[in-house]
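# Close look at the chain arrangement
Here are the chains, one letter per residue:
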Amino acid sequence: MAVKTNLVVGQGTLYTAATGEALPELDDMAPPLITVTPGGNWVAIGATADNEPSQFEYTPTWEPVRTNQDTGPIKLVLTAEEALFKVKFAEHDFLAWSTALKGVTTLETVSAGADQTAQDIIPIGSPATVNEIALLWTGTNPESGTRVIHIPFAVATTGTVFGFDKVQTVYDVEWTALTDPTATAGERMAKMYDVTAVASS
């Protein structure tokens, strides 16, 4: 049995960094955060497609405990959980796309030379290693403040759709959050923050 809760749908900016990158200082992120660039090594990976929301989904799976004396469950035990982040980007170059897919591919470049064109290349299929990355989503909350979603460990998963039309090139990316066994129980996959007012001086 699973309950899917879409925790946030809305405008924002998605950043990536190597795992272990520190969460930016939230006290410096006064609303509206949409205008603030996080410090450290966080890199924005492109604009989202028009009218296409970013989505964070958390799905717990519960196993009911039953007895012969009762028709309904007497207890529910959490047996699995999944956290996903989904976004549709308006792609502007291969660098943004390869950054988004950093868990499964890397960007290769060929310099221009004699009888050689300059090329950006993204290889796909059976990567030698699967790289984990950190994700940071920043945007606005319903109180006109700042919302931050921090996923310390994530891998690009599921099918990635690379679509072309006469207006723009768009691509869907979905990441699966990984559990951090060293984190505090209850916050081992992701953490969300709402900044509702600026700090007092």
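Residues numbered from 1 in each chain as written. Predicted model: local features only at pLDDT ≥ 70, side-chain atom pairs only at ≥ 80, totals over all residues. Heavy atoms only, no water.

All right, on to the environment of L136 then. Among the secondary structure elements, L136 is positioned in strand β8 (residues 133–140). L136 gets classed as buried once you look at its relative accessible area, which sits at 1%. With 121 residues separating them along the chain, L136 and Y15 place their C-alpha atoms 5.0 Å apart. Not counting residues up to four positions away in its chain, the partners in contact with L136 are T13, L14, Y15, L23, P24, P38, W42, V148, I149 and H150. (Helix = DSSP H or I, 4+ residues; strand = E, 2+ residues; numbered from the N terminus. Buried < 20%, exposed > 50% of the residue type's maximum accessible area, 1.4 Å probe, protein only. Contact = heavy atoms within 4.5 Å.)

Here P38 shows up in the loop between β2 (12–18) and β3 (43–44). Once the C-alpha coordinates of P38 and T138 are considered, the two residues, 100 residues apart in sequence, prove to be 8.9 Å apart.

With that settled, consider the nonpolar core. Formed by 19 residues in total, the largest nonpolar core has its most connected members in L14, F85, F89, L135, I151 and W175. Contributions of two or more residues to this core are made by β5 (75–90), β8, β9 (146–157) and β11 (169–177). Other than its neighbours up to four places away in sequence, F85 contacts L14, S54, Q55, F56, L135, W137, I149, I151, V173, E174 and W175. Listed in part, the seven residues of the second largest apolar core include Y15, A17, L26 and W42. (Core = buried A, V, L, I, M, F, W, Y, C linked by side-chain atoms within 4.5 Å.)

Here the focus is the packing of aromatic side chains. The description of an aromatic ring pair rests on the distance of the ring centres and on the angle between the ring planes. Going through the model one piece at a time under the given rule, you end up with one aromatic pair. Plain terms: the ring middles of F56 and F85 are 6.5 Å apart, the flat faces sit at 50° to each other, and that makes the pair tilted. Of this pair, F56 sits in strand β4 (residues 54–65) while F85 sits in strand β5, placing them 29 residues apart in sequence. Judged by its relative accessible area of 1%, F85 is buried. (Phe/Tyr/Trp six-rings, centres within 6.5 Å; stacked < 30°, edge-to-face > 60°.)

So, about the confidence of the model for the protein chain. Low pLDDT means the predicted atomic positions in that stretch should not be read closely. For the protein chain, per-residue confidence averages 77 on the pLDDT scale, and 67% of positions sit at 70 or higher. Of all the helices and strands in the protein chain, strand β1 (residues 5–10) carries the lowest mean pLDDT, 55, while β4 carries the highest, 91. (pLDDT = per-residue confidence, 0-100.)

What follows deals with the pattern of salt bridges. Scanning all chains against the criterion turns up four salt bridges. Across the salt bridge formed by K191 and E187, the nearest N and O atoms sit 3.3 Å from each other. The partly exposed category is assigned to K191, whose relative accessible area is 33%. Judged by its relative accessible area of 33%, E187 is partly exposed. One salt-bridge network, held together by shared partners, links E57, K86 and E174. (Salt bridge = Lys/Arg side-chain N within 4 Å of Asp/Glu carboxyl O.)

Along the chain, R147 falls in strand β9. Judged by its relative accessible area of 14%, R147 is buried. In this structure the side chain of R147 is engaged in a polar contact, spanning 2.8 Å, whose partner is the side chain of D194. (Polar contact = N/O pair within 3.5 Å; in protein donor to acceptor, adjacent residues only side chain to side chain.)

Of all eight residues making up β8, seven are buried, and the element is well covered by its neighbours. Two strands pair when backbone bridges link them, and β2 and β8 are joined in this way by seven bridges, in the antiparallel orientation. Across the sheet, A18 pairs through a bridge with I133, a residue of β8. The sheet contact formed by β8 and β9 spans seven bridges and is antiparallel. The residue bridging I133 from the neighbouring strand is A154, located in β9. (Pairing = 2+ DSSP bridges.)

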